[in-house]
Amino acid sequence: MEPVTVASVVAVIPAWNEEGNIGRVIADIPREICQYVVVVDNASTDSTAAVARHAGAIVVRQPKRGYGHACAAGVHKAYELSAKVVVFLDGDYSDYPDEMSLVVGPILCGESEMVIGTRNLGGMERGALPAHAIFGNRLISLIMRVRFGLRISDLGPFHAIRADTLRSLHMSEMTYGWTVEMIVKAAKRGYRIVEVPVRYRKRLSGESKVSGNLAASIKAGWRILGVTMRHLV
C-alpha cells in the first residue's frame, strides 16, 4: 500500500444547525496533523456554513438530509483534495478534535487501514450518551466480535480510514448506517481495524439530533442494527 503522511489527512465534519459548536470544533483540530477541514452543511437553517468558513474550513453544501449523504459529500471533496486519509468527527463538539493524532496515528504508521475512537475506554462524560445508545453500540460491537473476531467496543463517530480503503468499500448507506456499513465491509474484506481510546463529552450547545431525542434515537438504532445484519449476511 502507498505510504501516507500528515500532509494528506483531510477531516470531514457533517453538520446540521451547529452554528454554536462548529467554530470550536474547527479551532481545536491540530493543523500539523490535518491539512484540510471539510464541513458539510447538511441543509442547515442557521449560520453553520458562515461560521465554518470564518473558522477556516472548506464548506460543502449537501441539501439531502441524512448523515450518510453528508459524509458522502464530504468524502467526494476529500478525494478532490487528494486525501490519503479521511477522518470523520461530529460537529457538536462532543468529540475532542485535539486527539486527532491518536485516531490517525496507527494509519500513518502503517499498522492499520481503519481506526475507531472508542468512547467506552477513553473516558465518557456522564450523560454524554443515554443508556440505550450505549447499549446499542455495545450490542453491535459484540456482533462484530462474534462474526469477525473484531475486538471493538464502540461505533464511535471519531474515526479514520485510508482513502483507498474507503473507495474499495463502495458505500451506499445514506443514513446513520454509514459508519457501521464502513466497519462491516472493511472487516469482511480483511482490512486491519484497530480502536484507540478517545474522550467524549456532552455537546457544547443545543440538543443532539439523535441521542437527545428518544424516538429519533430508537429509529436510528434500529436502522444501524438492520444495516449491520444486512451486510453481515
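Look above for the structure.
The text that follows walks through the structure, step by step, so that each part is easy to find. (Residues numbered from 1 in each chain as written. Predicted model: local features only at pLDDT ≥ 70, side-chain atom pairs only at ≥ 80, totals over all residues. Heavy atoms only, no water.)

This part takes up the sheet that holds strand β4 (residues 85-88). Strand order in the open sheet formed by seven strands is β3-β2-β1-β4-β6-β5-β7, and the pairing between neighbours is mixed. Two strands in the sheet have a free side with no partner beyond their single neighbour: β3 (58-61) and β7 (193-197). Within the sheet, the average angular offset between the axes of one strand and its neighbour, ignoring direction, is 20°. Where strand β2 (residues 36-41) lies against β3, four bridges are found, and the strand directions are parallel. Residue pairing for β3: Val 39 is matched across the bridge by Val 59. The sheet strands contacting helix α4 (residues 100-108) are β1 (9-15), β4, β5 (114-118), β6 (159-162) and β7, and the helix crosses β6 at an angle near 25°. (Pairing = 2+ DSSP bridges. Helix = DSSP H or I, 4+ residues; strand = E, 2+ residues; numbered from the N terminus. Axes fitted to C-alpha atoms, helices over the stretch in contact; angles between N-to-C directions. Contact = heavy atoms within 4.5 Å.)

Next up on the list: the side chain of Glu 99. Tracing the backbone shows Glu 99 in the loop between β4 and α4. Excluding its chain neighbours within four sequence positions, the residues that come into contact with Glu 99 are Phe 158, Val 198 and Arg 199.

By the definition in use, this model includes nine salt bridges. Among the ionic pairs, Lys 77 bridges to Glu 80, the shortest N-O distance being 3.3 Å. Placement of both Lys 77 and Glu 80 in helix α3 (residues 67-80) is noted, with a separation of three residues, approximately one turn of the helix. When its relative accessible area of 49% is taken as the criterion, Glu 80 is described as partly exposed. (Salt bridge = Lys/Arg side-chain N within 4 Å of Asp/Glu carboxyl O. Buried < 20%, exposed > 50% of the residue type's maximum accessible area, 1.4 Å probe, protein only.)

Consecutive residues of a regular strand have side chains that alternate between opposite faces of the sheet. Burial analysis of β1 places seven of its seven residues in the buried class, the great majority of the element. Residues Val 9, Ala 11, Ile 13 and Ala 15 point to one face of β1 and Val 10, Val 12 and Pro 14 to the other, with burial holding for every one of them. As paired strands, β1 and β4 are joined by four bridges and run parallel to one another. Counterpart to Val 12 in the pairing with β4 is Phe 88. As paired strands, β1 and β2 are joined by six bridges and run parallel to one another.

Attention now goes to unusual backbone geometry. With phi around 55°, Asn 17 is a residue other than glycine that occupies positive phi space. Position of Asn 17 among the secondary structure elements: in the loop between β1 and α1 (22-28). Notably, Ala 43 is not glycine yet its phi reads approximately 60°, a positive angle. Of note, Ala 43 is situated in the loop between β2 and α2 (48-54). By relative accessible area, Ala 43 is classed as partly exposed at 22%.

Compared with an ideal rise of 1.5 Å per residue, which puts 18 residues at 26 Å, helix α6 (residues 131-148) spans 26 Å between its outermost C-alpha atoms and is within 8% of the ideal. Buried residues of α6: Ala 133, Asn 137, Ile 140, Ser 141, Ile 143 and Met 144, and no others. When α6 is viewed along its axis, its buried side chains cluster within an angular range of 155° and face the same direction. Among the exposed residues of α6, those oriented more than 90 degrees off its buried face are Ala 131, Phe 135 and Val 146. Two residues or fewer past α6, Gly 149 is found with a positive phi of approximately 70°. (Expected span 1.5 Å × (residues − 1). Arc of directions from axis to C-beta.)

Further remarks concern the environment of Asp 92. Turning to its location among the elements, Asp 92 is positioned in the loop between β4 and α4. Linking Asp 92 and Asn 17, residues 75 residues apart in sequence, is a C-alpha distance of 9.3 Å. For Asp 92, the residues in contact, after removing those within four places along its chain, are Glu 18, Asn 21, Val 25, Arg 203 and Leu 204. Within polar-contact distance, the side chain of Asp 92 engages the backbone nitrogen of Ser 94 at 3.0 Å. (Polar contact = N/O pair within 3.5 Å; in protein donor to acceptor, adjacent residues only side chain to side chain.)

Turning next to the packing of aromatic side chains. Counted under the stated rule, the structure contains two aromatic pairs. On the basis of an interplanar angle of 10° and a centroid distance of 5.7 Å, the ring pair of Tyr 67 and Tyr 176 is categorised as stacked. With Tyr 67 in helix α3 and Tyr 176 in the loop between α7 (163-169) and α8 (178-188), this residue pair connects regions lying 109 residues apart in the sequence. Residue classification places Tyr 67 among the buried residues on the basis of a relative accessible area of 13%. Since its relative accessible area comes to 37%, Tyr 176 is described here as partly exposed. With a centroid separation of 6.3 Å and 65° between ring planes, the pair formed by Phe 88 and Trp 178 is classed as edge-to-face. (Phe/Tyr/Trp six-rings, centres within 6.5 Å; stacked < 30°, edge-to-face > 60°.)

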